[in-house]
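# Fold and contact review
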Amino acid sequence: MGGPTGRAVADSAEEPFLMAVEDVFRLQQGRAVMVTGRIERGLVRRGDLVEVVGPDGTVTTPVGGIERRPVRIGAATAGMNVGVLLDGAAADAVERGQVLATPGSIRARACFTADITLMSEAQGGVDVASGDRLQFHTRAAAAWGTVTLAGGTDIVRPSHGAEVEVVLDEAVALEVGQSFAVRARGRAAGSGTVIRLPR
């Protein structure tokens, strides 16, 4: 399984736990939920409380078990692909694109400021103007949003960059420094980094 190695793993394991939800499985006639994904940072153990962070707020639930196929394990750390059994989450409360996290460590946001860089025209980059609607992909989440160019800029051309204010249609878990991909008019158009979040 891929992932960071050496010192990077040690440093990441000391940070608050975070894992993007990639797939959701309902177990025992919907009475339990298993989510799978790759742990981005931190450590999670059986019995820990975690938050499911999504557009409708957070749900706090205990970890009932951790699976690293084909075996159950007691704990998992950054870089590992695992399944996490959530004993206290309703079947309809968890979906792809949400994150599991140490309680209080990350919030879902609908507004943020970012630096974006567009691909060249040959790579698929397109003009982006204030008021344009773009699709933002970050971790396992995808959300539509409207951009406003900062600093009085009217338009940003392919191969160029700009600071933008983004208002998403629905909140996703975000933090400063988080990267994302941008799609415009149905195709990959660029990338960006979150630089500011509202208080």
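The coordinates are above.
About the criteria used
Within every chain, residues take consecutive numbers counted from 1 along the sequence as written. Reporting of local features is limited, given that this is a predicted model, to residues whose pLDDT is at least 70; pairs of side-chain atoms are given and counted only at 80 or more, and all residues count toward the totals for whole chains, interfaces and linings. With hydrogens and water stripped out, all remaining heavy atoms of the structure feed into the side-chain values. Note on classification: 1.4 Å probe, protein chains only; a residue is buried when its accessible area is under 20% of the maximum for its type, exposed when over 50%, partly exposed between these limits. Only DSSP runs of H or I with at least four residues qualify as helices, and only runs of E with at least two residues qualify as strands; both kinds are numbered from the N terminus onward. Two strands are said to pair when DSSP picks up at least two bridges between them. Any Lys or Arg side-chain nitrogen found within 4 Å of a carboxyl oxygen on Asp or Glu counts as a salt bridge. By definition in these notes, contact holds between two residues if any of their heavy atoms fall within 4.5 Å.

### Points about the pairing of strand S9 (residues 81-86)
- In terms of burial, S9 is a largely internal element, 5 of the 6 residues being buried.
- Two strands pair when backbone bridges link them, and strand S6 (residues 57-68) and S9 are joined in this way by 4 bridges, in the antiparallel orientation. Bridge assignment links Glu 67 to a residue of S9, and that residue is Gly 83.

### Considerations on the pattern of salt bridges
- Counted under the stated rule, the structure contains 9 salt bridges.
- Across the salt bridge formed by Arg 41 and Glu 40, the nearest N and O atoms sit 4.0 Å from each other.
- In this structure, Glu 175 engages Arg 139 in a salt bridge whose closest nitrogen and oxygen atoms are separated by 2.6 Å. Here Glu 175, found in the loop between strand S16 (161-174) and strand S17 (179-184), pairs with Arg 139, found in the loop between strand S13 (133-138) and strand S14 (141-149); they are 36 residues apart in sequence, far enough to count as distant.
- Classification of Glu 175 by relative accessible area gives buried; the value is 17%.
- Connected via shared salt-bridge partners are Glu 40, Arg 41, Arg 139 and Glu 175.

### Here's the deal with the pairing of strand S18 (residues 187-196)
- With 6 bridges connecting them, strand S11 (residues 107-118) and S18 associate as antiparallel partners. When the sheet's bridge partners are listed, Asp 115 is paired in S18 with Thr 193.
- Bridge count between S17 and S18: 6 bridges; the pairing is antiparallel. When the bridges of S18 are listed, Arg 183 appears paired with Ala 188.

### Quick notes on the environment of Leu 168
- Mapped onto the secondary structure, Leu 168 falls in strand S16.
- Discounting chain neighbours no more than four positions away, the residues touching Leu 168 are Arg 109, Ala 110, Phe 112, Phe 136, Ala 143, Trp 144, Gly 145 and Leu 174.

Shape is all these values report; function is a separate question.
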